[in-house]
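These are the residues of each chain, in order.
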Amino acid sequence: MPGAGEQLLPLVSFFVRISIVGDTSRLLFHTILVTHGLSLCVNWFVFVSQNQRLRGLARFSLVVVGILQTMYVLLRFFQTGYTPITSQHETVVFFSWSLTWAYLSFRWRYTVKNFGAFISPLILALLVIAALSPRTINPLAPALQSWWLPVHAGVTVASYAFLSLAFCGGIMYLLQNRELKKKKFGYLFKRLPSLDALDQLNSHCLAIGFVLLTLGIISGSIWASQAWGSYWHWDPKETWSLITWFLYAAQIHQRFSAGWRGKRAAIMAIIGFVSMIFTLWGVTFLLGGIHSYAQ
Amino acid sequence: MPSEMILLLGVNHKTAPLAVREQLAIGQGGKSYEETLQELQKLDGCRECYLLSTCNRVEIIVVVQENAVLENAGRADIESRIVPLLFGNTVAPEHYQDYLYIHRNIDAVHHLFMVATSLDSMVIGEAQILGQLKEAYRLATEGKGTGPILNKLLHKAFSTAKRVRTETLIGASAVSISYAAVELARKIFGSLDTKSVLLIGAGEMAELAAEHLVSQGVDKVVVANRTLSRATSLAQRFHGSAVSLDALTDQLEQVDIVISSTGAPHLILHKQEMKAIMRARRNEPIFFIDIAVPRDLDPALNELDNVYLYDIDDLHQVVELNKSEREKEAVKARRIVDEETANFQRWLDGLAVVPTIIALRKRANDISQLEIEKALGRLPHLTLEDHQVIEKMALAITAKLLHAPIAYLKDEEGCKERHDEKVEMIRTAFGLEEK
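Remember, predicted model here, so these are calculated numbers, not experimental data.

Cut-off values and rules
- Residues numbered from 1 in each chain as written.
- Chains lettered and ligands numbered in written order.
- Predicted model: local features only at pLDDT ≥ 70, side-chain atom pairs only at ≥ 80, totals over all residues.
- Heavy atoms only, no water.
- Axes fitted to C-alpha atoms, helices over the stretch in contact; angles between N-to-C directions.
- Helix = DSSP H or I, 4+ residues; strand = E, 2+ residues; numbered from the N terminus.
- Parallel < 35°, antiparallel > 145°, perpendicular 65-115°, else oblique.
- Contact = heavy atoms within 4.5 Å.
- Nonpolar A, V, L, I, M, F, W, Y, C, P; charged D, E, K, R; others polar.
- Buried < 20%, exposed > 50% of the residue type's maximum accessible area, 1.4 Å probe, protein only.
- Buried area = accessible area lost by both parts, 1.4 Å probe.
- Salt bridge = Lys/Arg side-chain N within 4 Å of Asp/Glu carboxyl O.
- Polar contact = N/O pair within 3.5 Å; in protein donor to acceptor, adjacent residues only side chain to side chain.
- Phe/Tyr/Trp six-rings, centres within 6.5 Å; stacked < 30°, edge-to-face > 60°.
- Lys NZ or Arg CZ within 6 Å of the ring centre and 35° of its normal.

A word on the packing of helix H5 (residues 106-116) of chain B against helix H6 (residues 128-142) of chain B. Any two packed helices are characterised by how steeply their axes cross, that is the angle between the axes, and by the distance between the axes. Residue and element names in this part refer to chain B. Viewed as axis vectors pointing N to C, H5 and H6 meet at an angle of 125 degrees, and their least axial separation amounts to 8 Å. Between H5 and H6, the angle is such that the two are oblique. From H5, Leu112, Val115 and Ala116 reach across to H6, where they touch Ile129, Leu130 and Leu133. Its residues assigned to classes, the contact of H5 with H6 shows six nonpolar, no polar and no charged.

Now for the side chain of A:His36. Residues and elements named next belong to chain A. Tracing the backbone through its elements, the reader meets His36 in helix H2 (residues 23-49). Residue classification places His36 among the buried positions, given a relative accessible area of 0%. Not counting residues within four places of it along the chain, the set of residues in contact with His36 comprises Leu62, Val65, Ser120, Ile123, Leu124 and Leu127.

Each partner contributes residues to the interface: chain B has 22 residues there, and chain A has 25 residues. Of the roughly 1800 Å² buried between chain B and chain A on both sides combined, carbon and sulfur atoms contribute 43%. On the surface where chain B and chain A come into contact, there are one salt bridge. Across the pair B:Glu284 and A:Arg261 runs a salt bridge whose closest N-O atoms are separated by 3.6 Å. Across the contact surface, chain B and chain A share 16 residue pairs in polar contact (both at pLDDT 80 or more). Those elements giving two or more residues to the side of chain B that touches chain A turn out to be helix H8 (170-189), strand S10 (307-311) and helix H13 (312-318) of chain B. If you tally residues by element for the side of chain B that touches chain A, the top one is H8(B), at five residues.

It is worth spelling out the packing of aromatic side chains at this point. As enumerated under the stated definition, the model contains 19 aromatic pairs over all chains in all. A centroid spacing of 5.5 Å and a plane angle of 55 degrees characterise the contact between A:Tyr103 and A:Phe115, whose relative ring orientation is tilted. Taken together, the residues span a long stretch of sequence, with A:Tyr103 in helix H4 (residues 88-109) and A:Phe115 in helix H5 (residues 115-132) at a distance of twelve residues. When sorted by exposure, A:Tyr103 lands in the same class as A:Phe115, which is buried. Connected via pairs of aromatic rings, a cluster forms that spans A:Tyr103, A:Phe106, A:Tyr110 and A:Phe115. Its end group placed over the ring of B:Tyr308, A:Lys181 keeps NZ or CZ at 4.7 Å from the ring centre. Its guanidinium or amino end placed over the ring of B:Phe158, B:Lys134 lies 5.6 Å from that ring's centre, counting from NZ or CZ.

Listed below in structure tokens is the structure:
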């Protein structure tokens, strides 16, 4: 039946075309954006209304977002043929993907009331940045063609995810601490979790994030020795990673030696986060250096 | 005409500093409750007596016979004999007047009702005082100290307290303080399961708050008090431990929640001291609840990181029951107390006519008996049945004649002056004063 075959052919070729050209990937990315937009709404609605029945839905919506993001990262991996953490778009998507799963893994072990309402906007912000970045697939630079890429970049971005959780926890801690100190007991008092839960969140996420960050720097250093010939170049990105690392190291040291907890730990988590974000973007756009492949 | 006077002598947290009150507290070291009651009973002219001793007050109520002859001299006399029993030998006699308050008759009734309804307590609305009052009454009845007046008075005090509790929100406010304390502790510590609480001073409210915290999972209670015996007995209630106030710093390094209610006249913990303690605690968060008036704890403690200090007013804020609302409830409660006091006054006044009624009946009976004997002496031929008929007739005449004046006396309408007037009139009209 040649007639029917001829009729089917354009349809088949259409599907082949979109899967190759990346229309599926675009569709999936927009689905993620919309789904997460809805998820944010549900999380905020739960936060405002304190509706207990919708709490489950709020968490579930983030699981859906996590799964969709996983699909997108995998799709991108098959499209490009390398771990998608090289361009701005890829890095930020990878960041938001790690953040979602870091949150879900934390949420699976611990209960921190309304944490989702604070994490969701951060995830959305990353997705929006990703949406605004060019999604073109560039051929991989020769220096990056190594299995160190997923190890170094993947581990580092995962550490950013956990450190971002600590940052969100720090903000929540400062807000709740303020309620308790000012004795106003307004809107946030009821909606935020206990100080103890937030301080625990800080120390746990910091511990995981710090270990990952350390591994990221070490793996990067080993990769550098292979790719560029020496372990450390004092490239701006390396320098700022080190500064960030020291900030977190100091905080962990102080927690164990002098009992820095609560407000100080929260402020340190926020300072560390700012330094981390600068390392991620500030350095690339302001200072340049050999790490700046993305441009 | 003999009548009774209700006398209330006492010392409380408003008139005496803690140091004095603690020494006075009966049943601790010094004389026992029963001994004091017995000594009161031995007093000349004392008909009924009752004794209340808590950590915030010691009060004695006696009903004394008031003889017209003794009027003023007698009153001063019995008071001066009771006061040393109240103070024991802890206070020099010249200082008695500094701490002591004396209420007489209706003022005493009013004061007792204020105490029972917790309007006179350090924390208005706390329910514990009623329990203490009931316990004191039980001991007094067991020691055969109470009689018709005190029985009626105390039962009336209990029912007044109950009325205040049901008709006003005053009790809700005290419970809400403990509730707020628990709520805040949860926002600071999350779970309370592994937390410990330190009570500084063993006040009524502290006990209530501690009870609430323990029921919410707090697993260790430490009581620090000036007198160790009181601390020990309170600690036993919570299966906790007692320490002396000297060990306060050590305890502050370990506990998580502190409830302070010492009633000391000055601050017992300053910011600088706490700063050092926080270092030793390695910044473990600590939650202070200061329910003492005046404050025990430096308000500046709240400025330290990981230190959360709340006083009574702060706690009230948590439960959104503001001061003016509380004030309104207290006014309502006070009105109930006034009303019940007036009711009791009426009962007391009614009591005053009882001797007159008895005297009136006796006089009528005496006269009729006398006349019956006279008449029967002149009529020897009558049978026994005839005797009975005549006696019945005489009794019926006196009863019917007395019905109207007695009803007139018993009529509870009108004020005390009116009552006295009526009694006077009847006594004169029937010649009861002659004897």
